[in-house]
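Summary of the model geometry
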Amino acid sequence: MLVTTINIPSFVYRVNKIPNDGLIKELKEMLKADRRTRGPANHYISSCLKYLHDHTPFVWLCAKITFITLFFIYVAIPVFVKANQWIMPRIIFLNIVRWPPFTDLTKPHDFGLNNTRNFYLNTQEGVKIGVWHVLPVSVQSDSNNIPWDKFEDELSNGKMVFLYLHGNSGTRGSYHRVQLYKILAQLDFHVIAIDYRGYGDSTGHPTENGVVFDSYTIYKWLKSRVGDSKIFLWGHSLGTGVTAKLAKLLCEEEDHPAGIVLEAPFNNIRDAAFHHPFSAPYRSLPYFEYVFVDPLKEHGLFFNSEENLASVIPHIMILHAEDDLIVPFHLGEKLYAKAKESRGHDKVQFVSFEASLGYGHKLIYKAPQLPSLIREFVAKSK
């Protein structure tokens, strides 16, 4: 069958050029009718009405699905969240999301970490946190395996220590975290990584003060064992809020860490929640802050890093990828701007990674220049 594409206004020209068979006669009659009824718009509307008439059940089904979806997103979820405010801390900490699942955190070698000790530390009554201690590369060798009971002694061997404080969801065994431990160990640092209360195989339930206290306790535990070795803090994502608050507490006690690295940080939890991708469907609605943001302070969730860093003395290095969708790049810039106000340019460093590199929120460990950045930062912070 001959099929002719109609393209007004070139339609007349095309029709006149096609052989005058029965189909063309019919098309010419359609064109005349189209002119009598004020052009192609009327024909288009008639076609749409015919389509709707022929497909009424399908159209109604689509309309129902659309309505139910919009109702669920913009009415049911906000009402549920407002009526169940206990859900907000769970959304912030996401400690119920454990990835990879079904892993045994007591066996760090299953994660590719050799010469790594797993142990547990009681931070408060009823709270026991899981800890990994990764030895520096110079201490690791097949012929020089350190007995588990000698790991603590190695902390005073003169090698510097990084205390890693992770972000929300996952465990100390999450892949991107393990890759960073390996980089730090290859740079000949001790690495201490913890799961806050409620994460991984740690007991308890996370709160802002609770996870900061867990971090404070492990820092003090380290401090009593490292001798003259320096301790650096490394926080990622939500862990940057923990790190900033911990650093403030330590500086108020004049127990300064040697330096602080903040990877993918935010300025405060309110802004981080406002700009999180999960909030995108609601952000322009008048009740957004009332339902989703204001309740954070009712649960003691502030993580006000821009305020906490104002009291911090050691050098700070901020790492942020421009294509970070979880903690947008501009929040890291805001934190940097605030830190410069109280500390000056020589005490805080901002390192950005172009969006084209694809590092996003978790993959800065892939940056080829990261080891040299860490070496330079440590040398400057001693």
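Residues numbered from 1 in each chain as written. Predicted model: local features only at pLDDT ≥ 70, side-chain atom pairs only at ≥ 80, totals over all residues. Heavy atoms only, no water.

Of all five residues making up strand β3 (residues 161–165), five are buried, and the element is well covered by its neighbours. Residues of β3 alternate between two faces, with Val161, Leu163 and Leu165 on one and Phe162 and Tyr164 on the opposite face, all of them buried. Handedness of the β3-helix α7 (residues 175–186)-strand β4 (residues 190–194) crossover: right-handed. (Buried < 20%, exposed > 50% of the residue type's maximum accessible area, 1.4 Å probe, protein only. Helix = DSSP H or I, 4+ residues; strand = E, 2+ residues; numbered from the N terminus. Right-handed = clockwise from strand over helix to strand, strands pointing away.)

What follows concerns the nonpolar core. The biggest cluster of nonpolar side chains holds 59 residues, and the ones touching the most others in it are Leu163, Ile194, Leu222 and Phe303. Setting aside residues no more than four positions away along its own chain, Ile194 makes contact with Ile129, Gly130, Val131, Leu163, Tyr164, Leu165, His166, Arg172, Asp214, Ser215 and Ile218. (Core = buried A, V, L, I, M, F, W, Y, C linked by side-chain atoms within 4.5 Å. Contact = heavy atoms within 4.5 Å.)

Before going further, it helps to spend a moment on the pattern of salt bridges. According to the stated counting rule, one finds 15 salt bridges in the structure shown. A salt bridge links Glu289 to Arg270; the shortest N-O distance between them is 2.6 Å. One end of the pair, Glu289, is in helix α11 (residues 288–293); the other, Arg270, is in helix α10 (residues 269–274), and 19 residues separate them in sequence. For Arg270, a relative accessible area of 33% translates into the label partly exposed. Between Lys338 and Glu341 there is a salt bridge, with the nearest N and O atoms lying 3.8 Å from each other. Placement of the pair is Lys338 and Glu341 together in helix α14 (residues 329–343), with a separation of three residues, close to one helical turn. A single salt-bridge network, built from bridges that share partners, covers Lys220, Lys223, Glu253 and Asp255. (Salt bridge = Lys/Arg side-chain N within 4 Å of Asp/Glu carboxyl O.)

On to empty space enclosed by the protein. One pass over the structure, following the stated rule, counts one cavity of 30 Å³ or more. A volume near 50 Å³ is recorded for the largest cavity. Every residue along the wall of the largest cavity is listed here: Tyr164, His176, Leu180, Trp234, Glu263, Lys362, Ile364, Tyr365 and Leu370. Here the lining of the largest cavity is built from residues that sort into six nonpolar, one polar and two charged. (1 Å grid on protein atoms, 1.4 Å probe; cavity = no way out; pocket = protein on both sides within 12 Å on 5 of 7 lines; lining within 4 Å. Points joined across faces, edges and corners; volume = space filled by probe spheres on them. Nonpolar A, V, L, I, M, F, W, Y, C, P; charged D, E, K, R; others polar.)

Turning our eyes to something else, we now look at the environment of Phe111. Tracing the sequence through the fold places Phe111 in the loop between α5 (87–93) and β1 (116–124). Among the residues examined, Phe111 registers a relative accessible area of 16% and is labelled buried. Other than its neighbours up to four places away in sequence, Phe111 contacts Thr103, Asp104, Leu105, Trp132, Gly173, Val178 and Lys182.

Pairing is mixed across the open sheet formed by eight strands, whose spatial order is β1-β2-β4-β3-β5-β6-β7-β8. Every interior strand has two partners, whereas the edge strands, β1 and β8 (348–353), have only one. This sheet shows a mean twist of 20 degrees between the axes of neighbouring strands, independent of strand direction. When β3 meets strand β5 (residues 231–236), the two strands line up parallel, connected through five bridges. The partner of Leu163 across the bridge, within β5, is Leu233. Sheet contacts for helix α15 (residues 370–381): β3, β5, β6 (259–263), β7 (315–321) and β8; angle to β7, the most-contacted strand, approximately 165 degrees. (Pairing = 2+ DSSP bridges. Axes fitted to C-alpha atoms, helices over the stretch in contact; angles between N-to-C directions.)

The contact between helix α8 (residues 208–223) and helix α9 (residues 238–252) brings their axes to 9 Å, and the two run at 60 degrees. What the angle tells us is that α8 and α9 run oblique. Considering only the axes of α8 and α9, their crossing is right-handed. Here Glu208, Asn209, Val211, Val212, Ser215, Tyr216, Tyr219 and Lys220 of α8 lie close against α9, whose contacting residues are Val242, Lys245, Leu246, Leu249 and Leu250. Of the residues belonging to the contact of α8 with α9, the class tally is eight nonpolar, two polar and three charged. (Parallel < 35°, antiparallel > 145°, perpendicular 65-115°, else oblique. Left-handed = near helix turned anticlockwise from the far one by under 90°.)

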